[in-house]
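As a plain string of letters, each chain reads:
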Amino acid sequence: MPLNQETIEAALKAGRQSAYLPFSLHLFETVSSTNQIVWDLLGSGSEPGCVAIATQQTSGRGQWGRQWVSQEGGLYLSVAIAPNIEASNSYQLTLATAWGIAQQLQSCGIPLGIKWPNDLVCKSDENGYKYKKLGGILTETKVQTGKISQAVIGVGINWANPVPETGINLETWQANQQPKPIPSLEMLTSTILLGIESGIQSLFQEGINILLSRYLEFLINIGEEIYVNDVMSTIVGVTHTGDLRVCVETSKQRKIMQSEIHLQPGTISLGYRKLRLTTHNTTITNEAAQ
Ligand code: BTN
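Residues numbered from 1 in each chain as written. Predicted model: local features only at pLDDT ≥ 70, side-chain atom pairs only at ≥ 80, totals over all residues. Heavy atoms only, no water.

What the protein chain contains, in helices and strands, is six helices and 15 strands. The C-alpha atoms of the protein chain give a radius of gyration of 20 Å, which matches the 19 Å a tight globule of 290 residues would have. Taken along the three principal axes of its C-alpha coordinates, the protein chain extends 65 × 50 × 35 Å. Within the protein chain, buried positions represent 49% of all 290 residues. Considering only residue pairs separated by 6 or more positions, the protein chain has 60% of its internal contacts joining residues 24 or more positions apart. (Helix = DSSP H or I, 4+ residues; strand = E, 2+ residues; numbered from the N terminus. Rg over C-alpha atoms; globule rule 2.2 N^0.38 Å. Buried < 20%, exposed > 50% of the residue type's maximum accessible area, 1.4 Å probe, protein only. Contact = heavy atoms within 4.5 Å.)

The following block contains the structure:
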């Protein structure tokens, strides 16, 4: 499924007033990993702003060292930036990218949400799920003297590729929509690139406080109840460094004590919840495998 570079560039030009990230596009059909291609481009002298785009990957990389299954028909792209921020703030790049893409897709009419920390989810009523996974973000960084000198932001979006039960692709979601919010893979590509650009621009021009409040508007997990060390707890937010803020209630000598703990990305998986109707009109939720 070859992509048309001129169409993507024309859509990018039409969608932005000024270029914050100086995109230079490199298009492929199949690559190992677009993140790897961008690291290779940087290694051979390309500037930040270089982008690798493919419709299939043979060694797609996911979070926590997982494989990202990247069958033909998906959108796989990666962008290089030189953020020069503290290494401890690396997750801000993922939060910014997630918000930027969510608001771009939402402005096209797609009901987007963010599942902490880096999942792009779409509202769905298929098989009882409230949200299904539309895509994910993997940010890789190079750190020099405590600062991120280079970062590669990789995004995978389900366009027409097969997906598991907890996933959804845009082709299926917009099958009954007239007109289709995203009419082509080229339009999706430019929308995602504009989303990355606006997220990164918001982070660096407006700061993490504003960015975080925008991210939280899309977060589907606020108020969700989870077990932490067998204690029922409630998700209340996300910190500036991307940790999950959880309120834990314990009782000691008949006194209820509340405390807040912070969980780092990768230490807990929130999974996808399925709404299930049981007898007596009671709605209960149960965890589904990711
Ligand atoms: C996740 O695990 O949810 C994040 C997956 C990110 C996958 C994208 S696809 C484009 C880029 N290239 C990769 O190898 N991974 C990222």
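Back to the write-up after that little detour.
This brings us to the site of the ligand. Residues in contact with the ligand amount to 21 residues; listed here are only the nearest, Ser33, Gln57, Arg61, Gln63 and Lys133. Interatomic distance of 2.8 Å between a backbone N/O atom of Gln63 and an oxygen atom of the ligand. About the coverage of the ligand: the protein hides 98% of its 420 Å² of free accessible area. Residue assignment for the shell around the ligand shows that the elements contributing at least two residues are helix H2 (34-43), strand S5 (75-81), strand S8 (131-144) and strand S9 (147-157). In terms of residues, the shell around the ligand owes the most to one element, S8, which gives four residues. For the shell around the ligand, the residue count by class is six nonpolar, 12 polar and three charged. (Near = heavy atom within 4 Å. Polar contact = N/O pair within 3.5 Å; in protein donor to acceptor, adjacent residues only side chain to side chain. Areas by Shrake-Rupley, 256 points an atom, 1.4 Å probe, with all protein chains shown as cover. Nonpolar A, V, L, I, M, F, W, Y, C, P; charged D, E, K, R; others polar.)

Turning to unusual backbone geometry, a few remarks are in order. With an omega of -5 degrees, the peptide bond between Trp116 and Pro117 qualifies as cis. Position of Pro117 among the secondary structure elements: in the loop between strand S6 (112-115) and strand S7 (119-123). For the bond from Gln178 to Pro179, the omega torsion is -5 degrees, close enough to zero to count as cis. Counting through the fold element by element, Pro179 comes out in the loop between helix H4 (170-173) and helix H5 (185-206). One non-glycine residue, Arg254, lies in the positive phi region at around 65 degrees.

Further remarks concern the side chain of Ser78. Summarising the element assignment, Ser78 is placed in strand S5. You can call Ser78 buried: its relative accessible area is 0%. A polar contact of 2.7 Å, which involves the side chain of Ser78, links it to the side chain of Thr34. One polar contact links Ser78 to Asn35, side chain to side chain, over a distance of 2.6 Å. Discounting chain neighbours no more than four positions away, the residues touching Ser78 are Thr34, Asn35, Val38, Cys50, Val51, Ala52, Val152, Ile153 and Gly154.

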